[in-house]
Amino acid sequence: GESVGLHLPTLSVQEGDNSIINCAYSNSASDYFIWYKQESGKGPQFIIDIRSNMDKRQGQRVTVLLNKTVKHLSLQIAATQPGDSAVYFCAENPTYGGATNKLIFGTGTLLAVQP
Amino acid sequence: NAGVTQTPKFRVLKTGQSMTLLCAQDMNHEYMYWYRQDPGMGLRLIHYSVGEGTTAKGEVPDGYNVSRLKKQNFLLGLESAAPSQTSVYFCASSWDRAYGYTFGSGTRLTVV
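Residues numbered from 1 in each chain as written. Chains lettered and ligands numbered in written order. Predicted model: local features only at pLDDT ≥ 70, side-chain atom pairs only at ≥ 80, totals over all residues. Heavy atoms only, no water.

1. Section: the pattern of salt bridges
For side chains of opposite charge, pairing can occur when their charged atoms come near one another.
Residue and element names in this part refer to chain B.
Point 1. Evaluated as defined, the whole model comprises six salt bridges over all chains.
Point 2. With a shortest N-O distance of 2.9 Å, Glu30 and Lys71 are connected by a salt bridge. Here Glu30 is found in the loop between strand E3 (19–25) and strand E4 (31–38), whereas its partner Lys71 is found in the loop between strand E7 (64–67) and strand E8 (73–78), with 41 residues between them in sequence.
Point 3. On the basis of relative accessibility, which here comes to 31%, the residue Glu30 falls in the partly exposed class.
Point 4. Given a relative accessible area of 18%, Lys71 falls into the buried group.
Point 5. Between Arg36 and Asp38 there is a salt bridge, with the nearest N and O atoms lying 2.9 Å from each other.
Point 6. Take Asp38: its relative accessible area is 9%, and that puts it in the buried class.
Point 7. One connected set of salt bridges, linked through shared partners, spans Arg36, Asp38 and Arg44. (Salt bridge = Lys/Arg side-chain N within 4 Å of Asp/Glu carboxyl O. Helix = DSSP H or I, 4+ residues; strand = E, 2+ residues; numbered from the N terminus. Buried < 20%, exposed > 50% of the residue type's maximum accessible area, 1.4 Å probe, protein only.)

Here it is, written out as C-alpha coordinates:
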(Lines give C-alpha, C1' and ligand atoms only; values in the text may rest on other atoms or scores of the structure.)
Protein backbone atom coordinates (compact mmCIF):
# COMPACT_ATOMS: atom_id res chain seq x y z
CA GLY A 1 0.00 0.00 0.00
CA GLU A 2 1.03 3.62 -0.33
CA SER A 3 3.00 5.21 2.45
CA VAL A 4 1.60 8.17 4.31
CA GLY A 5 4.99 9.77 3.64
CA LEU A 6 4.45 10.19 -0.10
CA HIS A 7 4.29 13.79 -1.36
CA LEU A 8 5.40 15.18 1.99
CA PRO A 9 8.26 17.61 2.61
CA THR A 10 11.33 15.60 3.54
CA LEU A 11 14.13 16.40 5.95
CA SER A 12 17.18 14.22 5.51
CA VAL A 13 19.76 14.21 8.32
CA GLN A 14 22.81 12.22 9.29
CA GLU A 15 22.65 9.97 12.30
CA GLY A 16 23.90 11.87 15.33
CA ASP A 17 23.02 15.31 13.97
CA ASN A 18 20.29 17.50 15.42
CA SER A 19 17.01 17.78 13.51
CA ILE A 20 14.66 20.73 13.36
CA ILE A 21 11.15 20.23 12.00
CA ASN A 22 8.97 23.26 11.45
CA CYS A 23 5.25 23.86 11.44
CA ALA A 24 3.18 26.94 10.69
CA TYR A 25 -0.16 26.89 12.44
CA SER A 26 -3.28 28.58 11.25
CA ASN A 27 -5.16 30.14 14.14
CA SER A 28 -3.81 32.90 16.37
CA ALA A 29 -6.34 31.91 19.04
CA SER A 30 -5.02 28.35 19.38
CA ASP A 31 -3.96 27.68 22.95
CA TYR A 32 -2.49 24.18 22.85
CA PHE A 33 -0.09 22.47 20.47
CA ILE A 34 1.15 18.94 20.07
CA TRP A 35 3.78 17.13 18.05
CA TYR A 36 3.08 13.60 16.85
CA LYS A 37 5.36 10.97 15.35
CA GLN A 38 4.01 8.40 12.90
CA GLU A 39 6.11 5.46 11.86
CA SER A 40 5.27 3.54 8.72
CA GLY A 41 2.22 1.33 9.23
CA LYS A 42 1.48 2.64 12.70
CA GLY A 43 -0.80 5.17 14.34
CA PRO A 44 0.36 8.65 15.36
CA GLN A 45 2.21 8.72 18.68
CA PHE A 46 2.27 11.69 21.05
CA ILE A 47 5.75 13.18 21.46
CA ILE A 48 5.43 16.46 23.31
CA ASP A 49 2.95 19.27 23.85
CA ILE A 50 3.09 22.93 24.76
CA ARG A 51 0.54 25.47 25.92
CA SER A 52 0.32 29.00 24.63
CA ASN A 53 1.57 30.51 27.88
CA MET A 54 4.97 28.93 27.24
CA ASP A 55 7.52 29.44 24.47
CA LYS A 56 9.70 26.40 25.10
CA ARG A 57 9.32 22.94 26.54
CA GLN A 58 11.83 20.14 26.76
CA GLY A 59 11.43 16.40 26.85
CA GLN A 60 13.79 13.52 26.43
CA ARG A 61 15.96 14.47 23.40
CA VAL A 62 13.15 16.70 22.09
CA THR A 63 12.40 20.39 22.48
CA VAL A 64 9.37 22.25 21.20
CA LEU A 65 9.55 25.99 20.54
CA LEU A 66 6.51 28.17 20.10
CA ASN A 67 6.58 31.60 18.46
CA LYS A 68 3.11 33.05 18.72
CA THR A 69 4.07 36.26 16.95
CA VAL A 70 4.58 34.46 13.66
CA LYS A 71 2.40 31.42 14.46
CA HIS A 72 5.27 28.98 14.23
CA LEU A 73 6.15 25.76 16.02
CA SER A 74 9.34 23.80 15.80
CA LEU A 75 10.42 20.40 17.03
CA GLN A 76 14.08 19.88 17.74
CA ILE A 77 15.44 16.34 18.05
CA ALA A 78 18.90 16.02 19.54
CA ALA A 79 21.36 13.37 18.35
CA THR A 80 18.98 11.96 15.76
CA GLN A 81 18.85 8.17 15.60
CA PRO A 82 17.65 5.77 12.87
CA GLY A 83 14.59 5.02 15.05
CA ASP A 84 13.57 8.66 14.69
CA SER A 85 12.80 8.12 10.99
CA ALA A 86 9.07 8.80 10.65
CA VAL A 87 6.52 11.41 9.63
CA TYR A 88 6.19 14.21 12.17
CA PHE A 89 3.19 16.49 12.27
CA CYS A 90 1.95 19.22 14.51
CA ALA A 91 -1.55 19.78 15.80
CA GLU A 92 -3.23 22.86 17.25
CA ASN A 93 -6.28 23.25 19.43
CA PRO A 94 -8.18 26.37 18.44
CA THR A 95 -10.08 27.94 21.31
CA TYR A 96 -12.97 28.91 19.07
CA GLY A 97 -13.93 25.23 19.05
CA GLY A 98 -15.86 25.75 22.24
CA ALA A 99 -16.35 22.74 24.47
CA THR A 100 -15.34 20.28 21.81
CA ASN A 101 -11.74 19.19 21.61
CA LYS A 102 -11.04 19.05 17.89
CA LEU A 103 -7.43 19.28 16.98
CA ILE A 104 -6.34 20.63 13.61
CA PHE A 105 -3.52 18.53 12.15
CA GLY A 106 -0.80 19.57 9.77
CA THR A 107 0.10 17.31 6.85
CA GLY A 108 3.52 16.43 8.20
CA THR A 109 7.22 16.26 7.42
CA LEU A 110 9.07 13.06 6.64
CA LEU A 111 12.30 12.75 8.63
CA ALA A 112 14.82 10.43 6.97
CA VAL A 113 17.85 9.55 9.07
CA GLN A 114 20.90 8.48 7.09
CA PRO A 115 23.32 6.09 8.83
CA ASN B 1 -3.41 -1.26 29.65
CA ALA B 2 -4.19 -1.49 25.92
CA GLY B 3 -5.04 2.18 25.18
CA VAL B 4 -7.00 2.39 21.92
CA THR B 5 -7.68 -0.87 20.09
CA GLN B 6 -8.98 -1.03 16.53
CA THR B 7 -10.33 -4.07 14.75
CA PRO B 8 -9.84 -5.31 12.12
CA LYS B 9 -6.34 -4.23 11.08
CA PHE B 10 -6.88 -4.99 7.40
CA ARG B 11 -9.95 -5.53 5.27
CA VAL B 12 -10.78 -5.80 1.59
CA LEU B 13 -14.35 -5.04 0.56
CA LYS B 14 -16.16 -5.20 -2.73
CA THR B 15 -18.02 -2.10 -3.89
CA GLY B 16 -21.44 -1.98 -2.29
CA GLN B 17 -20.58 -4.18 0.69
CA SER B 18 -21.02 -2.95 4.23
CA MET B 19 -18.82 -3.26 7.27
CA THR B 20 -18.24 -1.89 10.75
CA LEU B 21 -14.92 -0.80 12.18
CA LEU B 22 -14.59 -1.23 15.90
CA CYS B 23 -12.73 1.06 18.29
CA ALA B 24 -12.35 0.40 22.00
CA GLN B 25 -10.51 2.46 24.63
CA ASP B 26 -9.82 1.54 28.22
CA MET B 27 -8.76 4.97 29.50
CA ASN B 28 -12.24 6.23 30.42
CA HIS B 29 -11.90 9.02 27.85
CA GLU B 30 -14.96 11.13 27.08
CA TYR B 31 -14.03 12.14 23.55
CA MET B 32 -13.58 9.76 20.66
CA TYR B 33 -12.84 10.38 16.98
CA TRP B 34 -12.65 8.66 13.64
CA TYR B 35 -10.15 9.90 11.05
CA ARG B 36 -9.13 8.79 7.63
CA GLN B 37 -5.62 9.26 6.35
CA ASP B 38 -4.78 9.41 2.66
CA PRO B 39 -1.35 10.06 1.11
CA GLY B 40 -0.49 13.74 1.09
CA MET B 41 -3.77 14.77 2.73
CA GLY B 42 -3.10 14.31 6.41
CA LEU B 43 -5.75 13.30 8.91
CA ARG B 44 -9.32 14.19 8.08
CA LEU B 45 -12.03 13.99 10.71
CA ILE B 46 -15.01 11.81 9.76
CA HIS B 47 -17.16 11.80 12.91
CA TYR B 48 -16.56 12.37 16.57
CA SER B 49 -18.25 11.94 19.93
CA VAL B 50 -18.06 14.07 23.07
CA GLY B 51 -19.60 11.42 25.31
CA GLU B 52 -21.65 8.26 25.52
CA GLY B 53 -24.73 8.46 23.34
CA THR B 54 -23.52 11.50 21.36
CA THR B 55 -22.11 11.77 17.84
CA ALA B 56 -21.35 14.62 15.49
CA LYS B 57 -20.16 15.11 11.93
CA GLY B 58 -16.63 16.04 11.13
CA GLU B 59 -15.00 17.27 7.94
CA VAL B 60 -15.77 14.28 5.67
CA PRO B 61 -18.85 12.44 7.05
CA ASP B 62 -20.57 11.39 3.81
CA GLY B 63 -20.87 7.63 3.37
CA TYR B 64 -20.15 6.88 7.03
CA ASN B 65 -22.22 6.44 10.15
CA VAL B 66 -21.16 6.09 13.77
CA SER B 67 -22.53 4.99 17.10
CA ARG B 68 -21.37 5.38 20.69
CA LEU B 69 -23.67 3.23 22.77
CA LYS B 70 -21.02 2.62 25.41
CA LYS B 71 -18.42 5.10 26.60
CA GLN B 72 -15.53 2.83 25.76
CA ASN B 73 -16.63 1.93 22.21
CA PHE B 74 -16.98 3.99 19.03
CA LEU B 75 -18.15 2.19 15.90
CA LEU B 76 -17.69 3.41 12.32
CA GLY B 77 -20.00 1.96 9.69
CA LEU B 78 -19.83 1.93 5.93
CA GLU B 79 -23.26 1.07 4.55
CA SER B 80 -22.29 0.76 0.89
CA ALA B 81 -18.55 0.86 0.36
CA ALA B 82 -17.08 2.80 -2.56
CA PRO B 83 -13.52 2.77 -3.96
CA SER B 84 -13.14 6.37 -2.75
CA GLN B 85 -13.32 5.01 0.79
CA THR B 86 -10.08 3.10 0.34
CA SER B 87 -7.94 4.57 3.09
CA VAL B 88 -6.34 4.02 6.45
CA TYR B 89 -8.76 4.69 9.28
CA PHE B 90 -7.65 5.80 12.71
CA CYS B 91 -9.62 6.00 15.89
CA ALA B 92 -8.51 8.32 18.66
CA SER B 93 -9.66 9.32 22.11
CA SER B 94 -8.94 12.11 24.55
CA TRP B 95 -9.70 13.02 28.15
CA ASP B 96 -10.55 16.64 27.60
CA ARG B 97 -10.17 19.51 25.15
CA ALA B 98 -6.89 20.54 26.74
CA TYR B 99 -5.19 17.22 26.12
CA GLY B 100 -3.83 15.42 23.10
CA TYR B 101 -5.28 12.36 21.48
CA THR B 102 -4.30 8.74 21.88
CA PHE B 103 -4.51 6.96 18.56
CA GLY B 104 -5.15 3.37 17.66
CA SER B 105 -2.91 1.48 15.25
CA GLY B 106 -5.26 1.89 12.30
CA THR B 107 -7.38 -0.16 9.91
CA ARG B 108 -6.25 -0.40 6.32
CA LEU B 109 -9.35 -0.70 4.14
CA THR B 110 -9.33 -1.42 0.44
CA VAL B 111 -12.52 -1.23 -1.59
CA VAL B 112 -12.34 -2.93 -4.98
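2. Looking at unusual backbone geometry
Glycine aside, the phi torsion of most residues is negative, and most peptide linkages are trans.
Point 1. Going from Thr7(B) to Pro8(B), the amide bond is cis rather than trans, its omega being -10°.
Point 2. Mapped onto the elements of the fold, Pro8(B) is located in the loop between strand E1 (4–7) and strand E2 (10–13).
Point 3. A positive phi angle is found at Arg61(A), which is not glycine, with a value near 65°.
Point 4. Tracing the chain through its elements places Arg61(A) in the loop between strand E5 (56–58) and strand E6 (62–67).

3. So, the state of the cysteines
Point 1. Applying the stated criterion across every chain yields a total of two disulfides over all chains.
Point 2. In this model Cys23(A) forms its disulfide with Cys90(A); the gap between the sulfur atoms is 1.6 Å. Taken together, the positions of Cys23(A) in strand E2 (residues 19–24) and Cys90(A) in strand E8 (residues 86–94) put the pair 67 residues apart, joining distant regions of the chain. Accessibility assignment for this pair places Cys23(A) and Cys90(A) in one class, buried.
Point 3. Put simply, Cys23(B) and Cys91(B) are joined by a disulfide, and their sulfur atoms are 1.9 Å apart. Since a negative S-S torsion denotes a left-handed disulfide, the Cys23(B)-Cys91(B) link at about -75° is left-handed. In this pair, Cys23(B) is assigned in strand E3 and Cys91(B) in strand E9 (residues 87–94), connecting sequence segments 68 residues apart.
Point 4. By relative accessible area, which is 0% here, Cys91(B) ends up buried. (Disulfide = S-S within 2.5 Å.)

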